[in-house]
Amino acid sequence: MSVQGWLLFILIVQVIHGLGTWKLYTKAGRKAWEAFVPIYNAIVLMKIINRPTWWTLLLFIPIINLFMFPIIWIETLRTFGKKTTLDMVLGVATLGLYIFYVNYTQELTYHADRDLKAPTKAMDTLGSLAFAIIVATFVHTYFIQPYVIPTSSLEKSLLIGDFLFVSKFNYGARTPMTPIAAPMVHDSIPLVGTLSYSKKPQLPYFRFPKLEKIKNNDIAVFNWPRDTLDNMYNPSNRRIDKPIDKKTNYVKRCVGIAGDSLEIKDGIVFINGKELILPERAKPQYFYIIKTKEPLSQGLLNDYDISETGYVFEIDNEVWDKPEVKKLLINNYGIEEVDRDLKTSLIRGSISQEIFDKLNLKIATNYILGNLTFEKVEKMKSDSRIISTKRQIKEGAEDGTFPDFKDGKPSTTRDWNGDNFGPIYIPEAGKTVTLNKETLPLYKIIITEYEGNTLEVNGDQIKINGQVTNQYTFKQDYYWMMGDNRHNSLDARYFGYTPEDHIVGKPVFIWMSWNSNGKGINKIRWERLFTTVSGDGQPKSYFKYFLVLLALYFVGEYFYKKRKKEKAA
């Protein structure tokens, strides 16, 4: 819905409010016209029902107002003597229109000094619960949102099971675009799995002023731009076009910001022609073929903190050299030859049992595919158990790489893949690019989906919003988000740019870290509790300081209560 549409909607609501309550305003000693003036009528109503003026603000905050409106309807009815359970049920069930009914059909008395306490214990409990949800939703929406790391894309910087606090105000809190939604859940209701929101209406995008701009190497939470899952908990094959703020939350490292030129060479990111130097606590990982003297042991995996592994298979050279076999393995499994000096060729990847049996494959016991940091690779060089390591670098076009893919197959115009990609320009608001057959695939999604234009292509002719053109000016900034776990991350190399309006916030603090593979108390990663996400040097835990402050609080509370009891005696 456009801004003009929302203004018209708000005007209609104000007219309905005025028509439905003007007699109540006059009963309370106010003027009838005061019921029709937007915002002012709400301020006056708060005075009539003897509630704080600042409640007016809550009526205009999306999602929070879903709780406030029923409260105001009930408070209005009670102020004019309609305080039975049936009155309250009708007030809420009719979306406040019951007030319209009593305004014209009932002889009402204004109770200016009514008792503000809830009439029953149940109502008191519901009121307390409603305001607790309102406060929590306000904090969750505009200040701090809890978030848990679900995947290994930022391993070892952020681990699966890290519980984060994500700041909304660092990059500017974004007002909800989907105003009718369940509070404090995302795109679906846990356990039930049904959608937690109504797709209509939609509010215009608005973001409060930011404390800082997103910089290269910042870790950011954002809505996955290409998300078409119906919900996070029970995804089906049904495509759904989700509102921006209800797309799945992702967390990645922003390696490229608006205006940058980005290129990836052999897995290394270059920005504006220079290698991107990652912060000390960043731990980029790549898959390596590791050759060992003895069959692989769990001890070796633990020593090098190898968390992700894959089998390496042996295939007889005569079988491998058959063109039909090479084509089958390369095209269908992404398998590549890695060592021709052996009597057998080594291939890696995920193999079906049918292919495994058909090609008479064997698992190579002295080889493993594992994810390693550069630091761990250096350490391996002096390990007598290790014969060699070889980093896996993709060559040629990779299926699914942004932007040149069609019907699941890469375009022949670019040979880009996850390790060798670009150069590519990251769009900046207000900047203009030239459009032609070569550049249009890079910006097609931006022009149509992210910035809401119509696009027609007829031969060499490009039309945007019905006008022939060979250029486009961007309306917002874009970012390039990538995971540190380079060979196991669904990121910008595959889904492309992240628009400014998809940015959620900045992870600032790890308050808990849960290792599902640990045992007993070691399921908690104690060294990660109360550590900061960003900053210089290695992460430092502030958990012991938290325990000291917590102890001081309890001691202080004990003496305060003791002193209060002594004074009362």
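These remarks concern the structure in this document. Treat the numbers as computed from the prediction; the structure is a model and nothing was measured.

Moving on, we get to the overall build of the protein. Helix and strand content of the protein: 15 helices and 26 strands. C-alpha extents for the protein along the principal axes are approximately 100 × 75 × 45 Å. Within the protein, contacts between residues at least 6 apart in sequence are counted, and of these 67% link residues at least 24 apart. In the form shown here, the protein has an accessible surface area of approximately 30600 Å², with 59% of it arising from carbon and sulfur atoms. The distance from the centre of the 73 positive side-chain charges to the centre of the 61 negative ones in the protein is 9 Å.

This brings us to the sheet that holds strand β6 (residues 268-271). Taken in spatial order, the four strands of this open sheet run β7-β6-β5-β17, and their pairing is antiparallel. A single partner strand is all that each edge strand has here, and the edge strands are β7 (274-275) and β17 (421-425). Taken together, the four bridges between strand β5 (residues 261-265) and β6 define a ladder with antiparallel strand orientation. Each residue of the ladder has a partner; that of Leu262, found in β6, is Ile271.

Bringing the pattern of salt bridges into the picture now. Tallied over the full model, the rule gives 26 salt bridges. Across the pair Asp162 and Arg528 runs a salt bridge, and its minimum N-O distance is 2.7 Å. With a gap of 366 residues between them, Asp162 in strand β2 (residues 162-167) and Arg528 in the loop between β25 (503-513) and β26 (531-532) connect regions that are remote in the sequence. Under the relative-accessibility criterion, Arg528 is labelled buried at 12%. Between Lys242 and Asp227 there is a salt bridge whose closest N-O contact spans 2.8 Å. Taken as a pair, Lys242 in the loop between β3 (218-223) and β4 (249-256) and Asp227 in the loop between β3 and β4 lie far apart in primary sequence, 15 residues in all. Judged by relative accessible area, Lys242 falls into the buried class, the value being 7%.

Bringing the environment of Asn272 into the picture now. With respect to the helices, strands and loops of the structure, Asn272 is situated in the loop between β6 and β7. Given a relative accessible area of 47%, Asn272 falls into the partly exposed group. Once the C-alpha coordinates of Asn272 and Leu108 are considered, the two residues, 164 residues apart in sequence, prove to be 72 Å apart. What Asn272 contacts, discounting residues up to four positions off in sequence, is Gly259, Asp260 and Ser261. A polar atom in the side chain of Asn272 sits 3.3 Å from the side chain of Asp260.

Here we take up the sheet that holds strand β20 (residues 461-464). The antiparallel open sheet is built from three strands, whose spatial order is β19-β20-β21. Each edge of the sheet is formed by a strand with only one pairing partner; in this case those strands are β19 (455-458) and β21 (467-468). In this fold helix α13 (residues 440-450) packs onto β19 and β20, with an angle of close to 145° to the strand it touches most, β19.

It is worth spelling out the packing of helix α4 (residues 64-79) against helix α6 (residues 97-105) at this point. Interaxial distance between α4 and α6 falls to 10 Å at its minimum, and their mutual angle equals 20°. It follows from the interaxial angle that α4 and α6 lie roughly parallel. Crossing handedness for the pair α4 and α6: left-handed. Touching Trp73, Thr76 and Leu77 of α4 are Tyr98, Ile99 and Val102, all from α6.

Attention now moves to α13. Along α13, the positions that sit buried rather than exposed are Leu440, Leu442, Tyr443, Ile446, Ile447 and Tyr450. Down the axis of α13, the buried side of the element spans an arc of 160°, and every buried residue falls inside it. Positive phi shows up at Gly452, right after α13, with a value of about 65°.

This part covers a nonpolar patch on the surface. Side chains of Leu8, Leu11, Ile12, Val15, Ile16, Leu19, Phe36, Leu97, Phe100 and Tyr104 sit close together on the surface and give an oily, nonpolar patch of about 860 Å² of accessible area. Contributing elements (two or more residues each) for the nonpolar patch: α1 (3-27) and α6. The element that contributes the greatest number of residues to the nonpolar patch is α1, accounting for six residues. Mapped onto the elements of the fold, Ile16 is located in helix α1.

For the rest of this paragraph, the subject is the side chain of Ser167. Looking at the secondary structure, you find Ser167 in strand β2. According to the relative accessible area criterion, Ser167 is buried, its value standing at 2%. Within the structure, the side chain of Ser167 is placed 2.4 Å from the side chain of Asn170, a separation counted as a polar contact. Not counting residues within four places of it along the chain, the set of residues in contact with Ser167 comprises Phe143, Ile144, Val504, Gly505, Lys506 and Val508.

Turning our attention to the packing of aromatic side chains. Applying the stated rule across the entire model yields 40 aromatic pairs. Between Phe138 and Phe143, the aromatic rings sit 5.6 Å apart at their centres with planes inclined by 55°, giving tilted as the arrangement. The exposure class assigned to Phe138 is partly exposed, which follows from its relative accessible area of 31%. Between Phe206 and Phe208, the aromatic rings sit 5.1 Å apart at their centres with planes inclined by 80°, giving edge-to-face as the arrangement. Exposure remark for Phe206: the relative accessible area of 42% places this residue in the partly exposed category. An aromatic cluster is built from Phe402, Trp416, Phe421, Tyr443, Tyr450, Tyr472, Phe474, Tyr478, Trp480 and Tyr497, whose rings are joined through pairwise contacts. One Lys or Arg, Lys265, reaches over the ring of Phe270 and ends 4.9 Å from the middle of that ring. Across the ring face of Trp416, the terminal group of Arg414 is positioned such that the distance to the ring centre comes to 5.0 Å.

Let us look at the pairing of β2. Of the strand pairs in this sheet, strand β1 (residues 144-148) and β2 are connected by five bridges, and their pairing is antiparallel. The residue of β2 that forms the bridge with Tyr147 is Leu164.

Okay, unusual backbone geometry next. Backbone geometry follows two general trends: most residues other than glycine have a negative phi, and most peptide bonds adopt the trans configuration. Residue Pro403 follows Phe402 across a cis peptide bond; omega there is -5°. Tracing the backbone through its elements, the reader meets Pro403 in the loop between β14 (386-391) and β15 (405-406). That bond from Gly422 to Pro423 is cis: its omega, 10°, falls within 30 degrees of zero. By secondary structure assignment, the location of Pro423 is in strand β17. We note that Asn50 has phi near 60°; this positive angle belongs to a residue other than glycine. For Asn50, a relative accessible area of 41% corresponds to the partly exposed category. Phi is positive for Ile63, which is not a glycine, with a value near 75°. Its place among the elements puts Ile63 in the loop between α3 (55-58) and α4. Accessibility expressed as a relative area gives 8% for Ile63, which makes it buried.

Thresholds, definitions, all that
Residues numbered from 1 in each chain as written. Predicted model: local features only at pLDDT ≥ 70, side-chain atom pairs only at ≥ 80, totals over all residues. Heavy atoms only, no water. Helix = DSSP H or I, 4+ residues; strand = E, 2+ residues; numbered from the N terminus. Contact = heavy atoms within 4.5 Å. Areas by Shrake-Rupley, 256 points an atom, 1.4 Å probe, with all protein chains shown as cover. Lys, Arg positive; Asp, Glu negative; His and termini not counted. Charge placed at Lys NZ, Arg CZ, Asp CG, Glu CD. Pairing = 2+ DSSP bridges. Salt bridge = Lys/Arg side-chain N within 4 Å of Asp/Glu carboxyl O. Buried < 20%, exposed > 50% of the residue type's maximum accessible area, 1.4 Å probe, protein only. Polar contact = N/O pair within 3.5 Å; in protein donor to acceptor, adjacent residues only side chain to side chain. Axes fitted to C-alpha atoms, helices over the stretch in contact; angles between N-to-C directions. Parallel < 35°, antiparallel > 145°, perpendicular 65-115°, else oblique. Left-handed = near helix turned anticlockwise from the far one by under 90°. Arc of directions from axis to C-beta. Patch = residues over 30% accessible without salt bridge, like charges linked within 9 Å, V, L, I, M, F, W, Y side chains within 5 Å. Phe/Tyr/Trp six-rings, centres within 6.5 Å; stacked < 30°, edge-to-face > 60°. Lys NZ or Arg CZ within 6 Å of the ring centre and 35° of its normal.

Just geometry here; none of it tells us what the structure is for.
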